[in-house]
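Architecture at a glance
In case you want the letters, here they are:
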Amino acid sequence: QLDHGCALHAAARDGLSSVSSRDVLAERPRAVFHTSESDPAKHTEQHEGRLYNIPLEEVKAVFPHGLPHRFQQQIQTFNEARLMVRKPALELLACLKGSNFAHPAVRYVIYGERGTGKTMTLCHVVHYCSRQGWLVLHIPDAHLWVKNCKELLQSSYNKDRLDQPLQASAWLKNFKTSNERFLQEIKTQKKYMWGKRESTEEGRPLREVVEQGLARVRSASDAVGVVLRELKQQSHRGSFRLLVAVDGVNALWGRTALSKEDKSPVSPEELTLVHNLRKMVMNDWSGGAIVTTLSQTGSLFKPSSAYTPQELLGKEGFDALDPFVPIPVPNYSPREFESCYGYYLERKWLQHEKAHTEDGKAELRFLSGSNPRQLERLAGPL
Amino acid sequence: RIMPVRWSRYNPNYLEPEPKKEPYQKPLEERTEEEREQMDLKTVRPIKAAPPTMSSSVFNDPLISKFTNMMMKSGNKVLARSLMSQTLEAIKRKQLEKYHKAPENEKETIECNPYVIFHQALKNCQPIIGLSNITKGGKTYQVPIPLTDNRKRFLAMKWLITECRENKHRRTMMPEKLSQELLLAFNNEGPVIKKKHVLHKMAEANRAYAHFRWW
C-alpha cells in the first residue's frame, strides 16, 4: 500500500499545523484578500476571492512545467506564488472529494473566454491532488505537441506513426521531477524491448523506463507510451490515485501544423504522443479523474472568437470526450477584482500615483472588463 | 494657446475640445466669470475633432506620448506603444527585484516608479547649452547657443533612441536595452550622459566664438 500522506515538504506541513485555519481578519491589517490557508483541501466558499500562498519549494516540485509564463515572471518579481481561490476551482475540488474511485474516471472540461483563468484553475486542482498524494500526469500544453516540431522520426514500433523525440524527452524530464516517489514504487507488468539489444524486464520500477527514454532520445515517445499504459492498467487496483491534467485538450482532435517530408499534412492520429494521450483521456479506466482545459490561444485553424467545447473540439473531439462535466470560468466578479487590485497595490506592482485613486481603479476596471489577463497586462506598465 | 491660423481649415467659430472632466463637474457657484462665459459659449459653438493623441485617461502622460511618437516607425503606433509599455514594465520589474532583496534601511532609497525614473533620466540627459553652425567670412564656426526647453527635450529623447537602436547586440530586444539605458541615465552614468558631457566640453572649448551669435 503506498503512502497517502503529503508527498511534499514535511517542514511545510509542520508550519501549517501551527497556523490554524482562521482567516486573517483578526490579525494584522495585512489583507482581507489574503488567506493563510495554504492547503487546497481546506478551501471553502469562505475563502472565495482570496489569494493563498504556495511555498516556493512546493512550486518547484509540483509545477516544473505547468504554470503560464507571465505567472512565473510574477513569482520571480514578488518572490512568492499567490493563487486566487475562485468558484470553478471550488466546484471541481468538491466533485473530486465526493467522487467514487471504483467507477470509471470522470472527465471535467474547463472552458471559458480568453484569459479568464482556465490554466490557473487547472494548476489549483493539480496542487490539491499532489497535496493529497495522487500521481499527477500534467501535460502543460497539448498544442506544443502538434506544432513547431523540429524533428519527426518514423516510429520503430508502428510504421505509420511519427515520433517526436524532443517534446517527449522534455516532458519525461519534468514528469520525473514532479513524481519521484511513485516512479520507484510502481512496477512494470510486461517486458518491453527498446530496439534490438535493450529491454526492460517485468517487475522493474517505472523509473527505469523513464530513464531509458531520457538516455535514448530516439525511443522517448515509446517510453511515454509505456508509462501511460502502465499507469492506466494499474490505477484500478487502488494503490494510488491518478490525475490526468491536460491543458489545451482540443489539440488532440483537429489538424496539426506539421508535415511529412513529402509535404503531405500530418493528422493527429499519426503522432505517437497524441495517439497515446487520446487513449489516456478515454474513460475506460477507474481510480482517478481526468481534468482538461480548452484553449483557443494555442489552437490551430480555429477562429479567435471560439470558446465553447462544441466549437473548439469539433465533432470528433466532442464525441470522443462525450460524457464530460463542463466547468465554465467567467471573468472576475467585483469581489475578485477588488481582491486582485488590492494585492497589486500591496505588492507595490501598481506604482503610478493615479492608480491608487478611485478614478484609476474605475478606469482599470473599465479598460480590462474584469478580465484577469487584461488586468494583468494593463497593470504592467502602470 | 497659440492658434494655428494660417494652416488650419477650421472655421474660427470652432472651439477646442476639453478631455478632462473636472471643469464639467464643478458646481455653478465656484466658476469664475470667464469660465461661465466659456461654458455658455460651448453650448452654442461647434467643437473641433479631438486628435488621436488626446486622451481622457488619468494615466495619460504627455512626455511618454511624445517619446512613443519619436520611437514610432512608418506610423506603427501600436508597436511603439507596446514597446513603451514593455519598457516601463521591465524597469519596474528590475527595480522591484532589487527592492525586495535589499535590507530594510536601503529600501527607501530605491525608486520603483517607472514614470519617476523616466522623467528624471530624461532630465539628466538634457544638455544646457548647444552648438550651431554660423558662417562668417566664408568659414563655418561651431558657436555655443542657449537652447529652448523644447529643443533640450527633443535632443535628450533623440540621443536615447539612437543610442538604443545602434549600440545593441542583434538579439537584444528594444524594451530591454531601453530600460537598461534609462536606469543608467537615472544614475547619471551611461553613454547618453557621456554624449551630453562631450557637447558641453565642445561648447566650453568654442567659448571664443560666442560673440558671433546675434540673437
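In the nomenclature of an unreviewed UniProt entry, chain B corresponds to Small ribosomal subunit protein uS7m from the organism Regulus satrapa. Regarding chain B, the UniProt comment filed under Subcellular location (unreviewed entry) reads as follows: "Mitochondrion". The UniProt entry for chain B carries this comment under Sequence similarities (unreviewed entry): "Belongs to the universal ribosomal protein uS7 family."

Named according to an unreviewed UniProt entry, chain A is Small ribosomal subunit protein mS29 originating from Regulus satrapa. Recorded in UniProt for chain A, the comment headed Sequence similarities (unreviewed entry) runs: "Belongs to the mitochondrion-specific ribosomal protein mS29 family."

All names here are of chain A. Positive phi is not limited to glycine here, since N79 has a value of about 65°. Positionally, N79 belongs in the loop between α3 (69–78) and β3 (81–84). For K263, which is not glycine, the phi torsion reads 65° and is therefore positive. Mapped onto the elements, K263 comes out in the loop between β10 (242–247) and α10 (272–281).

A complete count under the given rule lists 13 aromatic pairs over all chains for this structure. Ring geometry for W214 of chain B and W215 of chain B: centres 5.2 Å apart, planes at 85°, overall edge-to-face. Residue W214 of chain B is classed as exposed on the basis of its relative accessible area, which comes to 66%. By way of ring pairs, the aromatic residues F78, Y343, Y344 and W349 of chain A are connected into one cluster. Directly above the aromatic system of F182 of chain A lies the positively charged group of R181 of chain A, at a separation of 4.3 Å from the ring centroid. Above the plane of the ring of W349 of chain A lies K92 of chain B, whose end atom (NZ or CZ) is 4.0 Å from the centre.

All names here are of chain A. Running from N to C, helix α4 (residues 87–98) and helix α5 (residues 118–132) point in directions that differ by 35°, and their axes come no closer than 9 Å. When the axes of α4 and α5 are compared, the crossing they make is right-handed. The segment α4 lies against α5, with P88, A89, L92, L93, L96 and K97 engaging T121, H124, V125, Y128 and C129. Split into classes, the residues belonging to the contact of α4 with α5 amount to eight nonpolar, two polar and one charged.

Before going further, it helps to examine the domain arrangement of chain A. Domain annotation of chain A identifies domain 1 (99–326) and domain 2 (334–380). Between domain 1 of chain A and domain 2 of chain A, the C-alpha centre-to-centre distance is 37 Å.

With that settled, consider the pairing of β10 of chain A. Residues and elements named next belong to chain A. Summarising burial for β10: six of the six residues are buried, a large majority. Of the two faces of β10, the one holding L242, V244 and V246 and the one holding L243, A245 and D247 are both buried throughout. In this sheet, β10 lies alongside strand β5 (residues 135–139) in parallel orientation, the contact comprising five bridges. In the strand pairing of β10, I139 is matched with V246. Bridge analysis of β10 against strand β11 (residues 288–293) gives six bridges, and the strand direction is parallel. Counterpart to L242 in the pairing with β11 is G288. Chirality of the crossover, the property in question, places the unit of β10, α10 and β11 among those that are right-handed.

What counts and what doesn't
- Residues numbered from 1 in each chain as written.
- Chains lettered and ligands numbered in written order.
- Predicted model: local features only at pLDDT ≥ 70, side-chain atom pairs only at ≥ 80, totals over all residues.
- Heavy atoms only, no water.
- UniProt positions renumbered as here; feature names shortened; annotations may be inferred.
- Helix = DSSP H or I, 4+ residues; strand = E, 2+ residues; numbered from the N terminus.
- Phe/Tyr/Trp six-rings, centres within 6.5 Å; stacked < 30°, edge-to-face > 60°.
- Buried < 20%, exposed > 50% of the residue type's maximum accessible area, 1.4 Å probe, protein only.
- Lys NZ or Arg CZ within 6 Å of the ring centre and 35° of its normal.
- Axes fitted to C-alpha atoms, helices over the stretch in contact; angles between N-to-C directions.
- Left-handed = near helix turned anticlockwise from the far one by under 90°.
- Contact = heavy atoms within 4.5 Å.
- Nonpolar A, V, L, I, M, F, W, Y, C, P; charged D, E, K, R; others polar.
- Domains from an automatic or database assignment.
- Pairing = 2+ DSSP bridges.
- Right-handed = clockwise from strand over helix to strand, strands pointing away.

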